[in-house]
Amino acid sequence: MDNRFERAKERIENIIAQLKEVGWNFESGWSNFEGNFPNSIGEASGASRQVFWDYDNEDFVLKVGLGPEDAKYCEKEETVYHAAKEQGLEKYFGWTAYICTVDNMDIYAMEFLDCDECRVSDDSYQYHYHVYCDENGLDPDSDYAREQWDDLLDSDWTICMDDSDAVTEWFLDGLLWQERDELAEFLSDWKINDLHAANVGYRGNMPVFADYAGWGW
Ligand SMILES: Nc1ncnc2c1ncn2[C@@H]1O[C@H](COP(=O)(O)OP(=O)(O)OP(=O)(O)O)[C@@H](O)[C@H]1O
Ligand SMILES: [Mg+2]
């Protein structure tokens, strides 16, 4: 049995016990919760998942669908993780595994990642700014380049450094060409099309996908 699984299982069960103690029900979620989470528990959510972790042991998060119809997103991540492993691409994905079922909801563990949306956004911004300067023969340190870039962003509000296309491009361009092509093909094959800034985290200084379920498949 994978060592990480055993460690995650223990930690996640401990978080679940703390959440049950304050009256959290995984199936009804926010709609039926009037308690307060313990100070030691962190929580974040997106459009389809609720995520919890223990501030004292930031090694795993607990991930669960916001409603029964959202369970498929966690399940897909586990499938994708195994597929990535077969191709030797797993280092780009937060490790994940099914842990248990509570209140009819399947609970998954995922490696804790530093999900700092501002950091991703800033890294993506810097990358795209430098590409823009290269393409236009501009000195990135000059005021003129910055003015041109600001004018471009002002005149076209559809350009966004946080969206899936911009973030994916930044992420892939940081890789060596062979792995970049392999990973790009993998993302397309598995319809991982939702890699906006809030879906990427960091393992140390390395960007890693934290939400790779994709959307609308
Ligand atoms: N492995 C992780 N480590 C730390 N925080 C995480 C992790 N996975 C997710 N999070 C946090 O929880 C939030 C919600 O998780 P996630 O993005 O997986 O849910 P989602 O509902 O599928 O999101 P979306 O709205 O993008 O579809 C993330 O934006 C991130 O802030
Ligand atoms: Mg997300």
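Keep in mind that this is a model prediction, so the values were computed, not measured.

Caption draft 1: Highlighting the site of ligand 1. Around ligand 1, the structure places 22 residues, and the nearest of them are Ala44, Gly46, Ala47, Arg49 and Asp211. Looking at the shell around ligand 1, the elements that each hand over two or more residues are strand 1 (41-45), strand 2 (49-54) and strand 5 (105-111). For the shell around ligand 1, the per-class residue count stands at twelve nonpolar, six polar and four charged. Counting residues domain by domain, the shell around ligand 1 receives three or more from each of domain 1 (3-111) and domain 2 (117-209).

Caption draft 2: Local environment of the domain arrangement of the chain. Partitioning the chain into domains gives domain 1 (3-111) and domain 2 (117-209). Computed from C-alpha atoms alone, the centre-to-centre distance between domain 1 and domain 2 is 28 Å. With nine residues of domain 1 at the contact, the number on the domain 2 side is nine residues. A class-by-class count of the residues in the side of domain 1 that touches domain 2 yields six nonpolar, three polar and no charged.

Caption draft 3: Quick look at the nonpolar core. In terms of nonpolar packing, the biggest core is built from 46 residues, with Ile12 and Leu62 touching the most fellow members. Where this core is concerned, the elements lending two or more residues are helix 1 (3-21), strand 2, strand 3 (60-65), helix 2 (71-86), strand 5, helix 5 (164-173), helix 6 (177-189) and strand 7 (206-209). There are two domains that each give this core at least three residues, and those are domain 1 (3-111) and domain 2 (117-209). Those residues in contact with Ile12, other than ones at most four positions away along the chain, are Phe60, Leu62, Ile99, Ile107 and Ala109.

Caption draft 4: Local environment of the environment of Asp106. Secondary-structure assignment places Asp106 in strand 5. Classification of Asp106 by C-beta neighbours within 10 Å gives partly exposed; the count is 19. The sequence separation of Asp106 and Asn57 amounts to 49 residues, and the corresponding C-alpha distance is 22 Å. Once residues lying within four places of it in the same chain are set aside, the contact partners of Asp106 are Ala71, Cys74, Tyr98 and Thr101.

Caption draft 5: Structural view of helix 1. Under the 1.5 Å per step criterion, the end-to-end length of helix 1 is 28 Å for 19 residues, consistent within 8% with the ideal 27 Å. Among all positions in helix 1, only Ala8, Arg11, Ile12, Ile15, Ile16 and Leu19 are buried. Looking straight down helix 1, one finds that the buried residues subtend no more than 145 degrees of arc, so they occupy a single side. Relative to its buried face, helix 1 has exposed residues pointing more than 90 degrees away, namely Asn3, Glu6, Glu10, Ala17 and Glu21. As for helix 1, its buried residues are in contact with strand 1, strand 2, strand 3, strand 4 (96-102) and strand 5.

Caption draft 6: Structural context of unusual backbone geometry. In this model, Asp103 sits at a positive phi of 50 degrees, which is unusual for a non-glycine residue. Structurally, Asp103 can be placed in the loop between strand 4 and strand 5. Take Asp103: there are 15 C-beta atoms within 10 Å of it, and that puts it in the partly exposed class. In this structure, Lys191 is a non-glycine residue whose phi angle is positive, near 55 degrees. Here Lys191 lies in the loop between helix 6 and strand 6 (200-203).

The rules behind these values
Residues numbered from 1 in each chain as written. Chains lettered and ligands numbered in written order. Predicted model: local features only at pLDDT ≥ 70, side-chain atom pairs only at ≥ 80, totals over all residues. Near = placed C-beta within 6 Å. Helix = DSSP H or I, 4+ residues; strand = E, 2+ residues; numbered from the N terminus. Nonpolar A, V, L, I, M, F, W, Y, C, P; charged D, E, K, R; others polar. Domains from an automatic or database assignment. Contact = placed C-beta atoms within 7 Å. Core = buried A, V, L, I, M, F, W, Y, C linked by C-beta atoms within 7 Å. Buried ≥ 20, exposed ≤ 12 C-beta atoms within 10 Å, placed from the backbone. Expected span 1.5 Å × (residues − 1). Arc of directions from axis to C-beta.

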